[in-house]
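Residue-level structure breakdown
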Amino acid sequence: MTDMPQRISIPRGSISLAADLYLPDGFDDSLAHPAIVVATPGSSVKEQIGANYAARLAARGFVALTFDPAHQGESGGEPRDLEDPYRRGEDISYAVDALGVLPGVDPLRIGALGICAGGGYAVHTARTDHRIKALGTVVASNIGGAFRSFLTDGAAVALDALAAARTEESARGESDVVNWLPDARGEAVAAGITDIDLAQAIDYYRTPRGGHGNSTNRRLSRSDSLILGYDAFHLVDQLLTQPLQVIIAEHRGSTLQYEDGMTLWNLAPNPVDLLVIEGARHVDLYDRPEYVGQAVERLTAFYRDHL
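A few points on the structure. Values in this document were obtained by computation on a predicted structure and should not be read as measured data. (Residues numbered from 1 in each chain as written. Predicted model: local features only at pLDDT ≥ 70, side-chain atom pairs only at ≥ 80, totals over all residues. Heavy atoms only, no water.)

Describing the overall build of the chain
- Secondary structure assignment for the chain yields twelve helices and ten strands.
- Whereas a compact globule of 307 residues would reach a radius of gyration of roughly 19 Å, the chain reaches 19 Å, a difference of no more than 12%.
- Along the longest, intermediate and shortest principal axes, the C-alpha atoms of the chain span 55 × 45 × 40 Å.
- Burial analysis of the chain (307 residues in total) assigns 53% to the buried set.
- Partitioning the contacts of the chain with sequence separation of at least 6, the portion at a separation of at least 24 is 76%.
- Entry remark: accessible area of the chain is about 12400 Å², with carbon and sulfur atoms responsible for 52%.
- If the 26 positive side-chain charges of the chain are averaged to one point and the 41 negative ones to another, these points end up 1 Å apart. (Helix = DSSP H or I, 4+ residues; strand = E, 2+ residues; numbered from the N terminus. Rg over C-alpha atoms; globule rule 2.2 N^0.38 Å. Buried < 20%, exposed > 50% of the residue type's maximum accessible area, 1.4 Å probe, protein only. Contact = heavy atoms within 4.5 Å. Areas by Shrake-Rupley, 256 points an atom, 1.4 Å probe, with all protein chains shown as cover. Lys, Arg positive; Asp, Glu negative; His and termini not counted. Charge placed at Lys NZ, Arg CZ, Asp CG, Glu CD.)

And the structure:
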């Protein structure tokens, strides 16, 4: 598997995005290769899930690029740890800009792959950025819908509370941050949290298995009002005309990846292939070889047909 990426910097207005570029063995920049932008889950950095998929796709002949979102990881942008769904989508388009002028890449054969929240972001971007010629998703999450599903009193009540909190933050002159996840499984147990998807996410992100020093596990609290008002699938039925591959895990859970994947499949005008990976849960599709391998083989066939 190709595992030594080239570090590149992607201009994004006044800041830059830090990215890793994976090239196929024997890459010849005098030829025009198909390329894929990989959009990562919320809270993750390019060295985690994005690398797992980008390296495997490069080993199968694609140029693959994964990057840290603006405000996160090694990318620029203030304030830090902002999770703005709209800027996450723009990041993908800036990555397409970079690939489109890269020697050895065919600008007419650029696809996107989105994983977890990155799946929703890639969907939202591909609707209006038709330079993306084929779209694959793995355990895609409509992050706005997922956040709204956690609220017992509804989004409007939560937005009122967030507005008051931001007013108080402004008076203090500092911004609050929250954890994406408990920092350790023991913290979750102590808090009485028993959700299996959350537990498995902790086992990936907050242990040596998948953890990385650039992944802070922190989210600027003002991100939440942006997320609560976000719908990754808005106008998909009218605008997402590109070929679509949907890959979901068999077991349903709190991430809603199964439900979101099926919703996307039913909304999209040009769905090509749907794969349900038996025995898997959401986080299994991050790094478990027996499940990631199935996903990549199906994605490889999809991109070869449509790029």
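What about unusual backbone geometry?
- Along the chain, glutamate 78 connects to proline 79 via a cis peptide bond; the corresponding omega equals 0°.
- As for its placement among the helices and strands, proline 79 is situated in the loop between strand S4 (63-67) and helix H2 (85-100).
- Positive phi, normally seen in glycine, also occurs at aspartate 81, with a value near 65°.
- Turning to its location among the elements, aspartate 81 is positioned in the loop between S4 and H2.
- According to the relative accessible area criterion, aspartate 81 is buried, its value standing at 17%.
- Residues other than glycine seldom take positive phi values, yet cysteine 116 does so here, at roughly 55°.
- The residue cysteine 116 is located in the loop between strand S5 (105-115) and helix H3 (117-128) in this model.

Structural notes on the packing of aromatic side chains
- On inspection of all chains with the given rule, the structure shows nine aromatic pairs.
- One aromatic cluster in this structure is built from Phe62, Phe302 and Tyr303.
- The ring of tryptophan 180 is capped by arginine 219, whose NZ or CZ atom sits 4.6 Å from the centre of that ring. (Phe/Tyr/Trp six-rings, centres within 6.5 Å; stacked < 30°, edge-to-face > 60°. Lys NZ or Arg CZ within 6 Å of the ring centre and 35° of its normal.)

Considerations on the nonpolar core
- The biggest cluster of nonpolar side chains holds 86 residues, and the ones touching the most others in it are Tyr53, Leu113, Ile115, Leu285 and Tyr303.
- If sequence neighbours within four positions are ignored, leucine 285 has contacts with Tyr53, Val138, Val139, Ala249, Ile277, Ala280, Tyr291, Val292 and Ala295. (Core = buried A, V, L, I, M, F, W, Y, C linked by side-chain atoms within 4.5 Å.)

A few points about the environment of arginine 88
- Turning to its location among the elements, arginine 88 is positioned in helix H2.
- Accessibility expressed as a relative area gives 4% for arginine 88, which makes it buried.
- Separated by 109 residues in sequence, arginine 88 and aspartate 197 place their C-alpha atoms 23 Å apart.
- Beyond its immediate chain neighbours, meaning those up to four positions away, arginine 88 contacts Thr40, Pro41, Gly42, Pro69, Glu83, Gly118 and Tyr121.

Examining the sheet that holds S4
- The sheet built from eight strands is open, its strands ordered S1-S2-S4-S3-S5-S6-S9-S10 with mixed pairing. The open sheet terminates on both sides in strands that have one partner only, identified here as strand S1 (6-12) and strand S10 (271-277). Sheet twist, expressed as the average angle between the axes of neighbouring strands with direction ignored, equals 25°.
- Bridge count for strand S9 (residues 244-249) against S10 is six bridges, and the pairing is parallel. When the bridges of S10 are listed, valine 246 appears paired with leucine 274. (Pairing = 2+ DSSP bridges. Axes fitted to C-alpha atoms, helices over the stretch in contact; angles between N-to-C directions.)

Here we look at the pattern of salt bridges
- Scanning the entire structure with this criterion turns up 24 salt bridges.
- Close ionic contact of glutamate 83 with arginine 88 constitutes a salt bridge, the shortest N to O distance being 3.0 Å. Just as glutamate 83 is buried, arginine 88 falls in that class too.
- Across the pair glutamate 174 and arginine 172 runs a salt bridge whose closest N-O atoms are separated by 2.8 Å. (Salt bridge = Lys/Arg side-chain N within 4 Å of Asp/Glu carboxyl O.)

By themselves these figures say nothing about function.
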